[in-house]
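# Structural description and commentary
Listed here are the chains, written in short residue letters.
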Amino acid sequence: MTRAVFLDRDGTVIEESGYLDRLDRLAIYPYAVDAVRLLNRAGFKVIVISNQSGIARGLVRESFVAEAHAHISAYLNAGGASLDGFYYCPHHPDGTIAALRHRCECRKPGAGMLITAAAEHDLDLGRSFVVGDRWDDVGAARAAGAKGVLVRSGYGREAEASPRPQVSADLIVDDLAGAAAWILAQP
Ligand SMILES: [Mg+2]
Ligand SMILES: [Zn+2]
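Residues numbered from 1 in each chain as written. Chains lettered and ligands numbered in written order. Predicted model: local features only at pLDDT ≥ 70, side-chain atom pairs only at ≥ 80, totals over all residues. Heavy atoms only, no water.

### Topic: the coordination of the zinc ion (ligand 2)
- Surrounding the zinc ion (ligand 2) are the protein donor atoms C89 (SG), H91 (ND1), C104 (SG) and C106 (SG), at 2.1 to 2.2 Å.
- Bound by four donor atoms, the zinc ion (ligand 2) shows angles of 102 to 118° at the metal and therefore tetrahedral coordination geometry.
- Binding-site remark: the zinc ion (ligand 2) is held by donors from one chain whose sequence spacing is C-x1-H-x12-C-x1-C. Comparing C89 with H91, the two get one shared label, buried. (Donors = N, O, S within 2.8 Å, 3.2 Å for Na, K, Ca; no water. Tetrahedral: all angles 85-135°; square planar, octahedral: opposite > 155°, others 65-115°. Buried < 20%, exposed > 50% of the residue type's maximum accessible area, 1.4 Å probe, protein only.)

Take a look at the structure:
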């Protein structure tokens, strides 16, 4: 079984910009290339897990999510880095699209996306990590038995300033570069 580093997308790999619906608003953090490449080289699977409730709300087309992911992959590939998978949750209980308007197992802090990815990639979740800018990312790590890192990019500074008593991070660090360095130093 392989270890994985699960990356939240918005605010962690790319800049947080609300409901991203156009490629010209997509800005990848420059350090993401080195961070992902170092994790690739260390033998981790690197997998994006993203809550995309904008789909259920009718604000984001599912085809655009695929387009954005292709763009992110191409950008990383050009720098010698690669992602092993993309998983997203299109649901939300307050959605406007009936088929997607429900509580689901996949929306973080649920562990559904991690469990699905673990089955498809033969992952050892107990030796894996989640990196994200919201407590729900750390919560998903906890729910899956993985370690959770909160980054201060995106909404991370606000999250750090509003701790949740029931969710604690294994590390709080400035950004994905710092998270990757810490993960690589773990036994
Ligand atoms: Mg985020
Ligand atoms: Zn879902």
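Having seen it, we continue.
### Considering the layout of surface pockets
- Estimates place the volume of the largest pocket at around 470 Å³.
- Around the largest pocket sit 22 residues that line it, and E16, N51, R107, R134 and Y155 are the ones nearest its centre.
- Every element with two or more residues in the lining of the largest pocket is listed here: β2 (45-51), α2 (53-56) and α5 (135-144).
- Element by element, the count of residues in the lining of the largest pocket is highest for α5, at three residues.
- Counted by class, the lining of the largest pocket contains five nonpolar, six polar and eleven charged residues. (1 Å grid on protein atoms, 1.4 Å probe; cavity = no way out; pocket = protein on both sides within 12 Å on 5 of 7 lines; lining within 4 Å. Points joined across faces, edges and corners; volume = space filled by probe spheres on them. Helix = DSSP H or I, 4+ residues; strand = E, 2+ residues; numbered from the N terminus. Nonpolar A, V, L, I, M, F, W, Y, C, P; charged D, E, K, R; others polar.)

### Description of helix α3 (residues 62-78)
- Between its first and last C-alpha atoms α3 spans 25 Å; for 17 residues at 1.5 Å apiece the expected length is 24 Å, and the two agree.
- Contacts made by the buried residues of α3 are with α1 (31-41), α2 and β3 (85-89). (Expected span 1.5 Å × (residues − 1). Contact = heavy atoms within 4.5 Å.)

### Some points on the pairing of β2
- Buried residues dominate β2, accounting for five of its seven residues.
- Of the pairings in the sheet, the one linking strand β1 (residues 4-7) to β2 comprises four bridges and is parallel in character. Along β2, the bridge assignment pairs L7 with V48.
- Where β2 lies against β3, five bridges are found, and the strand directions are parallel. Each residue of the ladder has a partner; that of I47, found in β3, is G85. (Pairing = 2+ DSSP bridges.)

### As for the packing of aromatic side chains
- Taken as a whole and judged by the stated rule, the model has three aromatic pairs.
- Centre to centre, the rings of Y29 and Y31 are 5.2 Å apart; their planes meet at 10°, and the pair counts as stacked.
- Residue Y31 is classed as partly exposed on the basis of its relative accessible area, which comes to 22%.
- Centroid distance F44 to F129: 6.1 Å. Interplanar angle 75°. Geometry classified as edge-to-face. Of this pair, F44 sits in the loop between α1 and β2 while F129 is found in strand β4 (residues 129-132), placing the two residues 85 residues apart along the sequence. The pair formed by F44 and F129 is uniform in burial state, with each residue classed as buried.
- One aromatic cluster in this structure is built from F44, F129 and W182. (Phe/Tyr/Trp six-rings, centres within 6.5 Å; stacked < 30°, edge-to-face > 60°.)

### Section: the nonpolar core
- Among the nonpolar cores identified, the biggest contains 36 residues, and V5, L7, I72, L76 and V131 are the most heavily contacted of them.
- Once you skip the residues sitting within four places of it in the chain, I72 turns out to touch R9, V13, I14, L26, I28, L83 and F86.
- Core analysis: the next-biggest nonpolar cluster, separate from the first, contains 19 residues, C106, A117, L123 and A146 among them. (Core = buried A, V, L, I, M, F, W, Y, C linked by side-chain atoms within 4.5 Å.)

### What about the sheet that holds strand β6 (residues 171-173)?
- With parallel pairing, six strands are arranged side by side in an open sheet as β3-β2-β1-β4-β5-β6. The sheet terminates laterally at β3 and β6, the two strands that pair on one side only. Strand-to-strand twist in this sheet, taken as the mean axis angle between neighbours without regard to direction, amounts to 20°. (Axes fitted to C-alpha atoms, helices over the stretch in contact; angles between N-to-C directions.)

### Here's the deal with the packing of α1 against helix α7 (residues 176-184)
- Running from amino to carboxyl end, α1 crosses α7 at an angle of 15°, the nearest separation of the two axes being 9 Å. Here α1 lies roughly parallel to α7, going by the angle between them. Judged by the sense of rotation from one axis to the other, the crossing of α1 with α7 is left-handed. Side by side, α1 and α7 meet where Y31, A32, A35, L38 and L39 of the first sit next to L176, A177, A180, I183 and L184 of the second.
- Split by residue class, the contact of α1 with α7 holds ten nonpolar, no polar and no charged. (Parallel < 35°, antiparallel > 145°, perpendicular 65-115°, else oblique. Left-handed = near helix turned anticlockwise from the far one by under 90°.)

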